[in-house]
Every structure is written in C-alpha cells, then in structure tokens.
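Secondary and tertiary structure notes
Below are the chains, spelled out letter by letter.
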Amino acid sequence: MKLLLIEDDRGITTALAHALANTYELDVAYTGTGGLHKANTYHYDVILLDLNLPDMTGFAVCERLRRADHVTPILILTGECKVLSKVNLLDAGADDYLTKPFSLGELKARVRVLTRRSDSGRPRQRQLKTGDLTLDSDTHHVTRADQLIKLRRKEFAILECLMQHAGSVVTRDTLTSHAWRENEDPWTNTIDVHIKYLRDKIDRPFDTPLIKTVHGFGYKLEIASQNSKKL
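Residues numbered from 1 in each chain as written. Predicted model: local features only at pLDDT ≥ 70, side-chain atom pairs only at ≥ 80, totals over all residues. Heavy atoms only, no water.

**Some points on the sheet that holds strand E3 (residues 46-50)**
On the basis of which strands lie adjacent, the open sheet formed by 5 strands has the order E2-E1-E3-E4-E5 and parallel pairing. Both edges of this open sheet fall to strand E2 (25-29) and strand E5 (96-99), since each of them pairs with a single strand only. Pairs of neighbouring strands in the sheet enclose a mean axial angle of 20°, with direction left out of account. Relative to E3, strand E1 (residues 2-6) runs parallel, the two being bridged by 4 bridges. (Pairing = 2+ DSSP bridges. Helix = DSSP H or I, 4+ residues; strand = E, 2+ residues; numbered from the N terminus. Axes fitted to C-alpha atoms, helices over the stretch in contact; angles between N-to-C directions.)

What follows is the structure, encoded as structure tokens:
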C-alpha cells in the first residue's frame, strides 16, 4: 500500500519513514501545497495529514481534497483533542484522527481500518435507485428528480448503505461500519450529524422525504411511494 504523509516536522517524517518502510510505500510532503500536488498527481491508499503546516492548515488541505472529490481516506495527526476540534475535523471531511504522541502500532491499526473493505467478497451493485433518487457507486454521482446532489465522502457512503437496504431499518453500527470501515464511531453522534446533512440535501429541497428515523434502532430509507408527508 502507498501512503502520503503531509507533515512539516522532519523528525516525525524520518521516524515514520523508517518505521513503515517494511510495510508501506511512503511519500512525504512538508507543506500543504506540496501535499495537494502529490494527492492530485498520484494514487494513495491513505493520507496522513498533520494539522499544523507552514503554509496552510490541515483543515484547509482536507477541505480542498474533498471539494476536489478525492475519496482517499484521511487520517489526521493532531496535538489537539478538544471536542470542537473533532467536530471541525469531521466537517472538513476527515475519516479519523490520532492525537500526538501515538504509538506505531496504533497508527498501523488505524491505517488498516481505513483501508478495510466492508462486505468483502460480495459484488457491489453499481447503480442504486429508490423512487426518484439514484446513486452511482462508480461515478459517485447522486441525483434526485434529475437534479445532481453533491455529497461528501461519508454522506455518500451512508446513503449508499441506506439505499442497499431500502425499506428496512439500518442500525447506527451498520452505517458506521460501512462508512468508517470499523465497528465503532470515533466521534459522538457522528451518524446523527451526517444524517442531518443528508436530509438537508436529499429531503428538504423536495416534497417527499425519504430518510426516516426509527427511534431506538437507527434509520430507514423509505420506498418513495410509501411517503405522504414530511417528517
């Protein structure tokens, strides 16, 4: 696997390069600009991104990558652990974070989680359709009533899971496992926050809502014909 490390601390980059050499191919960028250039030029399995860079913040790098439709998992390396920082990271499109100092074993475990495929061995349906809502897993295009809807990586993954089980209740654990490639949520109420974002884009602009909360269980994507009013 090939990783991109965007980190300006030469000591950290040297240490990680030596530690990961036997397992991963590692590219290094010491600035946000350099990291964006490499991410736009080469394919990486995971991006390791420091928050404090000399030319721009890690938040800005993360946001630019997601705005450019990069779907590569991003693992943030940060010295901060405040709840507000975690919320900002999530909103910027990060997949997970590690607070410095961290162990090499934990870093490798997080990288493995981010690259693990859910439902391995089962072929994924390329295009999903529920009523006037369509999702294409190859192109990452989502439309409703022929209107293109832009979704962030996590929003797309959660919607994909809901559409794969349209008409059935999907638990938060199942949604988390599908979107985060792991069994527990690194942030409190992450699924609920992303469901709100999805509703703002998928439901609110249209007459018929599709995403229903099943209290105590999870969420369900209603079959369009069964909906009659907004929730």
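**A short note on the packing of aromatic side chains**
Counted by the stated rule, this structure contains 1 aromatic pair. Judged by centre distance (6.5 Å) and plane angle (80°), the ring pair of Tyr42 and Tyr44 falls under edge-to-face. The aromatic ring of Tyr42 is capped on one face by Lys2, whose charged end is 5.0 Å from the ring centroid. For Arg10, the ring lying beneath its charged end belongs to Tyr30, and the centroid distance is 3.6 Å. (Phe/Tyr/Trp six-rings, centres within 6.5 Å; stacked < 30°, edge-to-face > 60°. Lys NZ or Arg CZ within 6 Å of the ring centre and 35° of its normal.)

**Things to note about the confidence of the model for the protein**
On average, residues of the protein score 82 in pLDDT, and 85% of them reach the 70 mark or higher. In this model, residues 181-186 is a region of pLDDT below 50 whose contacts with residues beyond four sequence positions or in other chains number 19 contacts. (pLDDT = per-residue confidence, 0-100. Contact = heavy atoms within 4.5 Å.)

**Description of the pairing of E2**
For a regular strand, side-chain orientation follows a simple rule: the groups alternate between the two sheet faces. Bridging between E1 and E2 involves 5 bridges; their strand directions are parallel. The residue of E2 that forms the bridge with Leu3 is Leu26.

**A word on the side chain of Glu7**
Tracing the sequence through the fold places Glu7 in the loop between E1 and helix H1 (10-20). By relative accessible area, Glu7 is classed as buried at 1%. There is a polar contact of 2.9 Å between the side chain of Glu7 and the backbone nitrogen of Asp9. Polar contacts involving the side chain of Glu7 include one to the side chain of Lys100, which spans 3.1 Å. Once you skip the residues sitting within four places of it in the chain, Glu7 turns out to touch Ile12, Thr13, Ala29, Tyr30, Asp50, Leu53, Leu77 and Lys100. (Buried < 20%, exposed > 50% of the residue type's maximum accessible area, 1.4 Å probe, protein only. Polar contact = N/O pair within 3.5 Å; in protein donor to acceptor, adjacent residues only side chain to side chain.)

**Thoughts on the pattern of salt bridges**
If you walk through the whole model with that rule in mind, you get 16 salt bridges. The salt bridge partner of Asp95 is Arg66, with a shortest N-O separation of 2.8 Å. In this pair, Asp95 is assigned in the loop between helix H4 (83-92) and E5 and Arg66 in helix H3 (residues 58-67), connecting sequence segments 29 residues apart. In terms of burial, Asp95 and Arg66 fall into one category: buried. Here the salt bridges do not stand alone but share partners, grouping Arg66, Asp95, Arg153 and Lys154 into one network. (Salt bridge = Lys/Arg side-chain N within 4 Å of Asp/Glu carboxyl O.)

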